[in-house]
Amino acid sequence: MYVELKHINKNYGNFQASKDVSFGIEQGKLVALLGPSGSGKTTILRMIAGLEHPNSGEILIDGKVVNDIPATKRGIGFVFQSYALFRYMTVFDNVAFGLEIQKVPKDEIKKRVLELIELVGLKGMEKRYPNQLSGGQRQRVAFARALAPNPSILLLDEPFAAIDAKVRQELRSWLKNMIEKLGVTSIFVTHDQDEAIEVADEIIITNKGRVEQKGTPIEVYQNPKTAFTASFFGQPSELVDYKQFNTFKDLKNVDKVFVRPEFVKVTKKSEQQFYKTSAVEGVIEQIFFRGNTLELVVRVGDNVFTARRGLDEELVEIGEKVDIFLYRIFVTSGDEAHLVQNQSIREESLVI
Amino acid sequence: MEIFDQKEARSRKITKYILIGLSVLFIAVMLILPLASVIVNSLREGVDYYFKALSTDYVTSALVVTFIATVIAVAVNTVFGLVASWVITKFDFKGKNVLSTLIDIPFSISPVIAGLAFIMTFGRLGWASEIIDSINSALGTDIQIVFAIPGVVLATIFVTFPFVSREIVPVLNTVGKDEEEAASILGAGGFKIFRKITFPHIKWALVYGIILCTARALGEFGAVHALSKTRGGTFTLPLEIDALYMSGSADSITAAFAVSSLLVLIAVAVLIVRNVFEFRTKSKNRKGK
Ligand SMILES: Nc1ncnc2c1ncn2[C@@H]1O[C@H](COP(=O)(O)OP(=O)(O)OP(=O)(O)O)[C@@H](O)[C@H]1O
Ligand SMILES: [Mg+2]
C-alpha cells in the first residue's frame with residue numbers, strides 16, 4: 001500500500017468528523033472518496049495533506065508514518081475545490097510557485113512551467129490572472145500548479161464541482177487520461193456517483209465519518225455490503241411496505257428494503273407478462289425523459305419507487321395501471337445488506 | 001409603451017441628480033465650507049503674520065512633539081495591527097472573540113478617560129509608578145511618563161490602536177485561508193506565505209489603516225490633554241491650537257487658525273499621497289507587470 005490510514009479519529013471540538021477510518025491505496029491508483037455532504041471526505045483529504053491533524057491513528061505514505069511531517073514537507077499535490085489560485089499572480093507564476101520554493105534554476109522552471117501549461121491546454125495564457133480565466137481554465141491551472149513539483153500523490157477535492165455539466169464531462173476524461181499518463185497516485189473527492197464510477201479504479205464510500213465500503217466500482221455496485229451503501233448507491237428507493245409484494249412477504253430479520261430501478265420490471269396490461277402470479281398492480285405517478293430511457297415513479301400501495309423503461313418499448317402514461325415485478329431486492333438488517341432474488345423467477349420459468 | 005419607458009427613464013435620471021446634488025451639498029456644507037473657512041481665517045492678517053504665527057517657539061515645539069508621537073504610534077500600531085489581525089483570522093483559540101472586542105475599546109471609550117487611566121497607572125498614585133521609580137534608580141535615568149513626552153506617546157498609541165487591524169481583519173476574513181494553505185502544501189514557509197500571498201491582499205487595507213491611524217494620531221486631543229500640561233514642552237498641535245484660541249485676543253485666534261490650517265494641509269497631503277500611490281500601483285497591475 002502506498003498511502004495508508006490506520007484507525008484515524010478526528011474531532012472538531014465535540015464533533016467527530018472521522019471515526020476509526022482505515023484504508024490503503026496502491027501506488028498509481030486513482031481512487032474516489034464518495035459520500036454524502038458532511039460525511040468527512042474533505043477531512044480525510046486534508047489529513048493526508050497535513051492541513052489537519054488526526055487525534056489518533058497513523059497516516060503512512062510509502063511505508064513511513066507522516067503524522068509529524070508538516071504539510072510543507074509532504075510533497076503532495078492538492079487541488080482545492082475552490083481552486084485557491086493565487087489571485088495576485090499570473091498563470092505562469094501560479095504554476096511556477098512550487099518550483100521556485102524548491103529553488104529550481106530559473107531556466108528549468110521556465111521550461112517545466114511552459115511544458116505543463118501546454119499539457120493542460122492553456123498555451124498563450126501564461127500572462128493572464130486567474131480572474132481572466134473561465135472556471136474550466138482555472139481548474140486546469142490548479143491542476144498544473146499541483147503537478148509542477150512532481151508530487152508522488154495528488155489529492156483533488158471535488159475538482160469538477162464548480163464546472164457546468166458539459167465541460168465537466170470533458171474534464172473528467174481529460175483528468176483520467178492525464179493521471180494515467182503520469183502514473184501519480186490520486187485520490188479525489190466527489191459526491192457524484194456517476195463520476196466516481198466512470199473515473200475511479202476504486203471507490204471508498206464514506207458516511208458519518210466512517211468508511212462504509214471500499215472496492216472497484218463494479219464490486220461496490222453489485223455487492224453493497226452495508227445498509228448505508230445499499231441505501232445510497234445506484235439510485236435506490238426504499239420500499240416502506242415490502243409485504244405488499246407477495247413473493248417477499250415471508251422474509252425474516254428485515255430492517256429496510258431497497259430496490260434499484262434496474263430491479264423493477266414494468267409491464268403494460270396489454271403486454272405479455274412472464275411472471276403473472278407474482279406480479280402486482282401498480283400505478284405510474286410520474287414520468288421523466290432521461291435521454292436514453294424513461295424514468296418512472298411507480299406506486300404500489302404505500303410504496304413509491306423509481307423504475308425505468310426503454311424508449312423502444314411502448315409508451316406508458318401517467319395514471320396508467322401496470323404490472324410490477326421485482327427481480328430482486330436489497331434487504332438490510334442492522335448494519336448489513338444482502339441481495340434477495342425473487343424465487344418465482346425460477347419456479348415460474350419451470351412451469352412455463 | 002415607449003412613452004411610458006421614456007417617462008420612467010427620465011424620472012430615474014431626476015432621482016439620480018437629486019441624490020447626487022444632496023450628497024454634494026451635504027459634503028460642501030459639512031466639510032468643505034468649515035475647512036475652507038479655517039484657511040481663510042488663518043490668512044486674515046496677511047501671509048507674513050501667517051508664517052510668523054507658525055514659527056513661534058510654542059508652535060515648533062508642538063510640531064515636533066506631534067511628529068514624534070505620530071511616528072511612534074503609527075509604527076507601533078502597524079506592527080500590532082498586523083499581528084493582531086493575523087492571530088484573529090488565522091488561529092482558533094479560546095477568548096478569540098474577547099480579544100477582538102478588546103481591540104475595539106479605544107473606539108468606544110472617551111479619550112479623556114484613556115488619559116486619566118494612564119495617570120492612574122503611571123502617576124504618583126498609580127501602581128506602575130513604583131516600577132518606573134525602581135527602574136530609574138537602578139539605571140540612573142529619569143524617565144517620566146505622565147506630564148511628559150512618553151505619556152503623550154502612550155495616549156496616542158492607545159487611541160489609535162484599532163485602526164490598522166480594523167481595516168485588515170475584514171479583508172483577511174473574506175480572502176480566507178485557501179491560498180495560504182495551497183502555498184504551504186507547495187512547500188512555502190510562514191514568512192514566504194505572508195510576503196507572496198497574504199501581503200498583496202491586505203496591501204491597500206494596510207495603507208488605508210495607516211492613513212486613518214496617522215490622521216487620528218495627528219488630531220488627538222482628549223487623551224493627550226489629560227497627560228500633557230506644559231505648553232512649549234509636551235503640547236501637541238491640537239493642544240497648542242486650543243491654547244492659542246483660549247487666550248482670546250484677536251491675534252492669537254488668527255494664529256490658532258494658522259496652526260489649524262497646518263493640520264488641514266497635512267491631512268490633504270496624506271490623502272493625495274495615498275491616491276497617487278494607489279493609482280500608480282493599479283495602472284502598473286493593469287499592464288500586467
Ligand atoms: N473546521 C471545522 N470545525 C468544526 N467542524 C468541522 C470543521 N470542518 C469540518 N467540520 C465538520 O466535519 C464534518 C465533515 O466535514 P467535511 O468537510 O469533511 O465533509 P465533506 O464530506 O467534505 O462534505 P461536503 O461533501 O459537503 O464537502 C461536517 O459535519 C463538518 O461540519
Ligand atoms: Mg468537502
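Residues numbered from 1 in each chain as written. Chains lettered and ligands numbered in written order. Predicted model: local features only at pLDDT ≥ 70, side-chain atom pairs only at ≥ 80, totals over all residues. Heavy atoms only, no water.

Side note on the overall build of chain A
Rules: Helix numbers and strand numbers start at the N terminus; a helix is a DSSP run of H or I with at least 4 residues, a strand a run of E with at least 2. Only protein chains enter the area calculation, which uses a 1.4 Å probe; residues under 20% of their type maximum are buried, those over 50% are exposed, and those in between are partly exposed. Note on contacts: a residue pair qualifies if any of its non-hydrogen atoms lie within 4.5 Å across the two residues. Charge convention: Lys and Arg are scored as positive, Asp and Glu as negative, and His as well as the terminal groups of each chain are ignored. Here the site of a charge means atom NZ of a Lys, CZ of an Arg, CG of an Asp or CD of a Glu.
Of the regular secondary structure elements, chain A holds nine helices and 19 strands. Seen along its three principal axes, the alpha-carbon backbone of chain A occupies a region of about 80 × 45 × 35 Å. Out of the 352 residues in chain A, the part that is buried amounts to 51%. Within chain A, contacts between residues separated by at least 24 positions form 66% of all contacts whose residues are at least 6 apart in sequence. Chain A carries 46 positive and 47 negative side-chain charges, and their two centres are separated by 5 Å.

Considerations on the overall build of chain B
Filter applied, for reference: Put simply, the radius of gyration uses C-alpha atoms, and a globule should come to 2.2 Å times the residue count raised to 0.38. For the accessible areas, the method is Shrake-Rupley and the probe is 1.4 Å, while residue cover comes only from the protein chains on display.
A tally of helices and strands in chain B yields 14 helices and zero strands. Starting at the N terminus and ending at the C terminus, chain B contains elements arranged as α-α-α-α-α-α-α-α-α-α-α-α-α-α. Taking 19 Å as the expected radius of gyration for a compact globule of 289 residues, we find that chain B reaches 24 Å, considerably beyond that expectation. In terms of its C-alpha atoms, chain B occupies a principal-axis envelope of roughly 80 × 60 × 35 Å. Taken over 289 residues, chain B has a buried fraction of 39%. By sequence separation, contacts in chain B at least 24 residues apart represent 73% of the contacts at least 6 residues apart. Split by element, the accessible area of chain B, about 16600 Å² in all, is 70% carbon and sulfur. Each charge class in chain B was averaged separately, 27 positive and 21 negative side chains, and the resulting centres sit 10 Å apart.

Quick word on the domain arrangement of chain A
All names here are of chain A. For clarity, the cut-off: Boundary definitions for the domains trace back to an automatic or database domain assignment. Put simply, buried area is the surface a 1.4 Å probe can reach on two separate parts but cannot reach once they are joined, added for both.
Domain parsing of chain A yields domain 1 (3-223) and domain 2 (232-349). For domain 1 and domain 2, the distance between their C-alpha centres works out to 39 Å. Domain 1 puts ten residues into the contact, and the matching count from domain 2 is six residues. Counting each side, the surface lost to burial between domain 1 and domain 2 is near 730 Å², with a carbon and sulfur contribution of 62%.

Things to note about the site of ligand 1
All names here are of chain A. The cut-off we apply is this: The near set for a molecule or strand comprises every residue that places at least one heavy atom within 4 Å of it. Pairs of N or O atoms within 3.5 Å make up the polar contacts considered here, provided that, within protein, one atom can donate a hydrogen while the other can accept it, and that residues adjacent in sequence are counted only when both atoms are side-chain atoms. Residue polarity is assigned by list, with Asp, Glu, Lys and Arg as charged and Ala, Val, Leu, Ile, Met, Phe, Trp, Tyr, Cys and Pro as nonpolar; anything else, Gly included, falls into the polar class.
In the vicinity of ligand 1, 13 residues are found, and the nearest of them are Ser37, Gly38, Lys41, Thr42 and Thr43. Here an oxygen atom of ligand 1 sits 2.5 Å away from a polar atom, N or O, in the side chain of Ser37. Measuring from an oxygen atom of ligand 1, one finds a backbone N or O atom of Gly40 at 2.9 Å. Relative to its unbound accessible surface of 630 Å², ligand 1 loses 61% to contact with the protein. Top element by residues in the shell around ligand 1 is helix 1 (residues 41-49). It accounts for three residues. Looking at the shell around ligand 1, its residues break down into four nonpolar, seven polar and two charged.

Comments concerning the interface of chain B and chain A
Note the following rule: Between Lys or Arg on one side and Asp or Glu on the other, a salt bridge is scored when a side-chain nitrogen of the former is within 4 Å of a carboxyl oxygen of the latter.
Contact residues are listed per partner, giving 19 residues for chain B and 23 residues for chain A. Summing both partners gives a buried area of about 2000 Å² for chain B against chain A, and 63% of it is carried by carbon and sulfur. Linking chain B to chain A there are two salt bridges. Connecting chain B to chain A are three residue pairs in polar contact (both at pLDDT 80 or more). Looking at the side of chain B that touches chain A, the elements with two or more residues in it are helix 10 (178-185) and helix 11 (190-219) of chain B. The element that contributes the greatest number of residues to the side of chain B that touches chain A is helix 10 of chain B, accounting for seven residues.

As for the domain arrangement of chain B
Residue and element names in this part refer to chain B. Taken domain by domain, chain B consists of domain 1 (1-42) and domain 2 (47-288). A straight line from the C-alpha centre of domain 1 to that of domain 2 covers 34 Å. Facing five residues of domain 1, the contacting portion of domain 2 comprises eight residues. Around 550 Å² of area is buried between domain 1 and domain 2 when both sides are counted, 80% of it from carbon and sulfur atoms. Of all residues in domain 1, Val38, Asn41 and Ser42 bury the most surface against domain 2, accounting for 73% of the area lost on that side. Between the two partners, domain 1 and domain 2, sit zero salt bridges. Put simply, domain 1 and domain 2 have zero residue pairs in polar contact (both at pLDDT 80 or more) between them. The residue makeup of the side of domain 1 that touches domain 2, split by class, is three nonpolar, two polar and no charged.

Section: the packing of helix 3 (residues 57-90) of chain B against helix 9 (residues 162-175) of chain B
Residue and element names in this part refer to chain B. Put simply, the rule reads: For every element, the axis is a line fit to its C-alpha atoms; helices are fit only across the contacting stretch, and the angle between N-to-C directions ranges from 0 to 180 degrees. An angle counts as roughly parallel when it lies under 35 degrees, as roughly antiparallel when it exceeds 145, as roughly perpendicular when it falls between 65 and 115, and as oblique in every other case. Handedness of a crossing follows from how the near helix is turned relative to the far one, being left-handed for an anticlockwise turn of less than a right angle and right-handed for a clockwise one.
Remark: helix 3 packs on helix 9, axes separated minimally by 8 Å, with the N-to-C direction vectors making an angle of 30°. By the angle between their directions, the pair helix 3 and helix 9 is classed as roughly parallel. Crossing handedness for the pair helix 3 and helix 9: right-handed. Contact with helix 3, carried on its side by Asn77, Thr78, Gly81, Leu82, Ser85, Trp86, Thr89 and Lys90, involves Val164, Ser165, Ile168, Val169, Leu172 and Asn173 of helix 9 and no other residues of that element.

Here we look at the environment of Ser129 of chain B
Residue and element names in this part refer to chain B. Following the sequence through the fold, Ser129 ends up in helix 7 (residues 129-139). For Ser129 and Arg166, which are 37 residues apart along the polypeptide, the C-alpha to C-alpha distance reads 32 Å. If we skip the residues at most four places from it in the chain, Ser129 touches Thr121, Phe122, Gly123 and Arg124. There is a polar contact of 3.1 Å between the side chain of Ser129 and the backbone oxygen of Gly126.

Thoughts on the pairing of strand 12 (residues 256-259) of chain A
Residues and elements named next belong to chain A. Rule in force here: The rule for pairing is simple: two strands pair if DSSP sees at least two bridges between them.
The pairing of strand 11 (residues 237-238) with strand 12 spans two bridges and is classified as antiparallel. Of the residues in strand 12, the one forming a bridge with Ser237 is Val259. In this sheet, strand 18 (residues 328-333) lies alongside strand 12 in antiparallel orientation, the contact comprising three bridges. Considered in strand 18, the bridge of Phe258 is made with Phe330.

Focus: the environment of Val120 of chain A
The residue Val120 of chain A is located in the loop between helix 3 (106-119) and helix 4 (135-147) in this model. Since its relative accessible area comes to 1%, Val120 of chain A is described here as buried.

Here we look at the nonpolar core
Where a protein is soluble and globular, its nonpolar side chains tend to be buried together. In plain terms, the rule: Joining through side-chain atoms within 4.5 Å is the link that ties buried Ala, Val, Leu, Ile, Met, Phe, Trp, Tyr and Cys residues into a set, and such a set is a nonpolar core.
Residues Phe143 and Leu154 of chain A are the most contacted members of the largest nonpolar core, which totals 46 residues. The greatest single-element share of this core, amounting to six residues, is contributed by helix 4 of chain A. In contact with Phe143 of chain A, other than residues within four places in its own chain, are Val79, Val120, Leu154, Leu156, Trp174, Leu175, Met178 and Ile179 of chain A. Counting 39 residues, the second-largest nonpolar core is a separate cluster that includes Met47, Phe78 and Ile204 of chain A together with Ile197 of chain B.

Overview of the packing of aromatic side chains
How we decide: Ring geometry is summarised as follows: Phe, Tyr and Trp rings, the Trp one being its six-membered ring, pair when their centres sit within 6.5 Å, and such pairs are stacked at plane angles under 30 degrees, edge-to-face over 60 and tilted between the two. Comment: the charge-over-ring label is applied if NZ (Lys) or CZ (Arg) is within 6 Å of the ring centre and within 35 degrees of the ring normal.
As enumerated under the stated definition, the model contains 16 aromatic pairs over all chains in all. Pairing Phe228 of chain A with Phe232 of chain A gives two aromatic rings, centres 5.0 Å apart and planes at 20°, and the pair type is stacked. Pair noted here: Phe228 of chain A and Phe232 of chain A are both in helix 8 (residues 227-232), with a separation of four residues, about one helical turn. Just as Phe228 of chain A is buried, Phe232 of chain A falls in that class too. Ring pairs connect the aromatic residues Phe80, Phe118, Phe122, Phe158 and Phe161 of chain B, which therefore count as one cluster. Positioned above the aromatic ring of Trp86 of chain B, the side-chain terminus of Lys90 of chain B is 5.5 Å from the ring centre.

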